[in-house]
Amino acid sequence: MPRSIADSAGNLLFLGFSAVLQLTTPIANKEPASSTIIPPSVSKSSLDQQSRSTSTQKMVDRSAMSVAQPKFSRLGDRPSPMGLQSPAPQKSIRDVRILVAEAQTISIGGTNSVLIRDTSGRGIAKLQPNQAYWVSQNTGGIQIGNGQLTNDLWLESDGPIWVNDRAYHGRVRLINNGDGLLAINTLDLETYLTSVVGAEMPSSWHTEALKAQAIAARSYAVALMQQPPSDWYDLGNDERFQVYRGLESVTPETIAAVESTQHQVLVQDGKVLMSEYASTEEVTQEAHAGQGMSQATAQQLANMGYSHLHLLGNFYRGAGLARLL
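Keep in mind that this is a model prediction, so the values were computed, not measured. Starting afresh in each chain, residues are numbered from 1 along the sequence in its written order. Local features are withheld for residues below a pLDDT of 70 in this predicted model, meaning they are given only at 70 or higher, and side-chain atom pairs are given and counted only at 80 or more; totals for whole chains, interfaces and linings count all residues. Side-chain measures here rest on the full set of heavy atoms in the structure, leaving out hydrogens and waters.

Draft legend 1. Region of the structure containing the overall build of the protein. In terms of helices and strands, the protein carries 7 helices and 20 strands. In this scheme, a residue with accessible area under 20% of its type's maximum is buried, one over 50% is exposed, and one in between is partly exposed, where area comes from a 1.4 Å probe on protein chains only. Considering the protein as a whole, with its 325 residues, one finds that 51% of them fall into the buried category. The contact criterion used throughout is that any non-hydrogen atoms of two residues lie within 4.5 Å. Residue pairs at least 24 apart in sequence account for 74% of intrachain contacts in the protein once pairs closer than 6 positions are excluded. Note on areas: these come from Shrake-Rupley sampling with a 1.4 Å probe, and a residue is covered only by the protein chains present in the view. Split by element, the accessible area of the protein, about 14,300 Å² in all, is 49% carbon and sulfur. Where helices and strands are cited, they refer to DSSP runs of H or I of at least four residues and of E of at least two residues respectively, numbered from the N terminus.

Draft legend 2. View of empty space enclosed by the protein. Only protein atoms enter the 1 Å grid, on which a cavity is a set of points fitting a 1.4 Å probe that cannot get out and a pocket is an open set with protein on both sides within 12 Å along at least 5 of 7 lines, lining residues being those with an atom within 4 Å of a point. Grid points are joined across faces, edges and corners, and a volume is the space filled by probe spheres set on the points. Going through the model one piece at a time under the given rule, you end up with 1 cavity of 30 Å³ or more. Approximately 40 Å³ is the volume found for the largest cavity. Contributing to the lining of the largest cavity are Tyr168, His169, Leu187, Thr191, Tyr192, Thr194, Ser195, Tyr244, Gly246, Leu247 and Val250. Looking at the lining of the largest cavity, the element that brings in the most residues is helix 2 (residues 189-200), giving 4 residues. Side-chain classes are defined by residue name, with Ala, Val, Leu, Ile, Met, Phe, Trp, Tyr, Cys and Pro counting as nonpolar, Asp, Glu, Lys and Arg as charged, and the others, Gly among them, as polar. Classifying every residue of the lining of the largest cavity gives 6 nonpolar, 5 polar and no charged.

Draft legend 3. Region of interest: the side chain of Thr297. Mapped onto the fold, Thr297 is located in helix 6 (residues 295-303). The class for Thr297 is buried, based on a relative accessible area of 2%. At 2.9 Å, the side chain of Thr297 forms a polar contact with the side chain of Glu281. For the purposes of these results, a polar contact is taken to be a pair of N or O atoms within 3.5 Å, where, inside protein, one atom must be able to donate a hydrogen and its partner to accept one; residues adjacent in sequence count only when each atom of the pair is a side-chain atom.

Draft legend 4. Representation of the sheet that holds strand 4 (residues 95-103) within the structure. Strand order in the open sheet formed by 6 strands is 4-15-14-11-6-7, with antiparallel pairing between adjacent strands. Two strands bound the open sheet, and with one partner strand each, they are strand 4 and strand 7 (123-127). On average, each strand axis in the sheet is tilted by 25° relative to the strand beside it, whichever way the strands run. DSSP bridges decide pairing: two strands pair if at least two such bridges lie between them. Pairing between strand 14 (residues 171-176) and strand 15 (residues 181-188): 6 bridges, direction antiparallel. Among the inter-strand pairings, Ile175 is bridged to a residue of strand 15, identified as Leu182. Contacting strand 4 and strand 15, helix 2 crosses the sheet at an angle of about 110° to strand 15. Fitting a line to C-alpha atoms yields each axis, with helices limited to the stretch in contact; the angle taken between N-to-C directions then spans 0 to 180 degrees.

Draft legend 5. Spotlight on the nonpolar core. Note on terminology: a nonpolar core comprises buried Ala, Val, Leu, Ile, Met, Phe, Trp, Tyr and Cys residues joined through side-chain atoms within 4.5 Å. With 71 residues, the main nonpolar core has Ile106, Ile108, Ile144, Leu174, Tyr192, Leu235 and Tyr316 as its most contacted residues. When residues of this core are assigned to their parent elements, the largest contribution, 12 residues, is made by helix 3 (residues 207-224). Residues in contact with Ile144, not counting those within four places in the same chain, are Ile108, Ile116, Leu127, Tyr133, Trp134, Val135, Leu149, Leu153 and Leu174. Counting 5 residues, the second-largest nonpolar core is a separate cluster that includes Leu99, Ile175, Leu182 and Tyr233.

Draft legend 6. Quick look at the packing of helix 3 against helix 7 (residues 308-315). Running from N to C, helix 3 and helix 7 cross one another at 50°; their axes reach a closest spacing of 8 Å. On the basis of their axis angle, the class for helix 3 and helix 7 is oblique. Considering only the axes of helix 3 and helix 7, their crossing is right-handed. Seen from helix 3, the contacting residues are Glu208, Ala209, Lys211, Ala212 and Ile215; seen from helix 7, they are His308, Leu311 and Leu312. Comment on the angle field: the value is read as roughly parallel under 35 degrees, roughly antiparallel over 145, roughly perpendicular from 65 to 115, and oblique elsewhere. Handedness of a helix crossing follows the sense of rotation of the near helix relative to the far helix, less than a right angle counterclockwise being left-handed and clockwise being right-handed.

Draft legend 7. The arrangement of the sheet that holds strand 12 (residues 161-163) in detail. Ordered by their spatial adjacency, 6 strands build an open sheet running 10-9-8-5-12-13, and the pairing between neighbours is antiparallel. Two strands close off the open sheet at either side, each with one partner strand: strand 10 (147-149) and strand 13 (166-168). Taken over all neighbouring pairs, the strand axes of this sheet differ in orientation by 30° on average, direction set aside. Inspection of the sheet shows strand 8 (residues 133-138) paired to strand 9 (residues 141-144) by 4 bridges, in the antiparallel sense. Paired with Val135 across the bridge in strand 9 is Ile144.

Draft legend 8. Region of interest: the pairing of strand 5 (residues 105-110). Within strand 5, 5 of the 6 residues are buried, which leaves the element mostly enclosed by the surrounding structure. The pairing of strand 5 with strand 12 spans 3 bridges and is classified as antiparallel. Looking at strand 12, one finds that Gly110 is bridged to Ile161.

Draft legend 9. Summary view of the packing of aromatic side chains. For Phe, Tyr and Trp, rings pair up if their centres lie within 6.5 Å, where Trp contributes its six-membered ring, and each pair is then called stacked (planes under 30 degrees apart), edge-to-face (over 60) or tilted (otherwise). Applying the stated criterion across every chain, the model contains 3 aromatic pairs. Taking 5.7 Å as the distance between ring centres and 40° as the angle between the ring planes, the aromatic pair formed by Tyr168 and Tyr244 counts as tilted. Of this pair, Tyr168 sits in strand 13 while Tyr244 is found in the loop between helix 3 and helix 4 (252-260), placing the two residues 76 residues apart along the sequence. The class of Tyr168 is buried, set by a relative accessible area of 2%. Under the relative-accessibility criterion, Tyr244 is labelled buried at 1%. Geometrically, the ring pair formed by Tyr192 and Tyr244 is tilted, given 5.2 Å between the ring centres and 50° between the ring planes. Taken together, the positions of Tyr192 in helix 2 and Tyr244 in the loop between helix 3 and helix 4 put the pair 52 residues apart, joining distant regions of the chain. Judged by relative accessible area, Tyr192 falls into the buried class, the value being 0%. Members of the aromatic cluster, joined through ring pairs, are Tyr168, Tyr192 and Tyr244. Over a ring means this: the NZ of a Lys or the CZ of an Arg is within 6 Å of the ring centre and within 35 degrees of the ring normal. Over the face of the ring belonging to Trp154 we find Arg171, whose NZ or CZ atom lies 4.0 Å from the ring centre.

Structure, rendered in structure tokens:
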């Protein structure tokens, strides 16, 4: 998480990133060189129709958007800046905590054995591999199978952990908050994004569109994490936040998109941008007053030969690109 302070108006000022590219210069309205053009395989109307059926339509109206109305004219060439060709590997920014289940009863398990720890870190039980266990709440704490345990537990494994038949990397925290059970997946932000990119955009789409999605999703997550909905977790797993499906939506393509844009975020006015996006121009207009990225249009432009930097410069005018430290 970037270090931050609050100014006199209470706005967070991010100090923990280094700017590597500004996207504020208008892009010339000219065609790319003929050798770089990839003819679109389908029409834009077909793309919009495909996106309505395959890509999540984010319908949440957030007032924090601070980008100008995007223009969808053709974009001209611009050089890729040095420093973005091969971002140096860096230590993870921080873990992100995702609420993945909230119910009276949930099921858990693991591909390998799962160690259960209490909040002091002491191992108190172990689950056998490839076995499902019912978890419920009672007045004494959390009950797993026939075992009576405390109200706050951690699940750890050297393989995926299952919650309600969905597999997750990282650790899972189980909390009995009195009203029900919370299952919270804690994992590295970059690993989280490999799932989000595939859940929010078809992983079969163009590499450059997936890269733009990775940067937009990373920026959106970091911006949301500044005001978490709970002391226990930072984000939810549905379209109100960003769709997160654990390993189900991770593919080699989404991993490559996240790794090639590692730690890169959109910034504006010294803060990480709340980079809204939606499936089509129509949904972008309806949900976000036309501000942010249309995923269908991003795919169309990528098929025409434009890079993810062109796409970001088009949809988030006035923003810069920075790398979180």
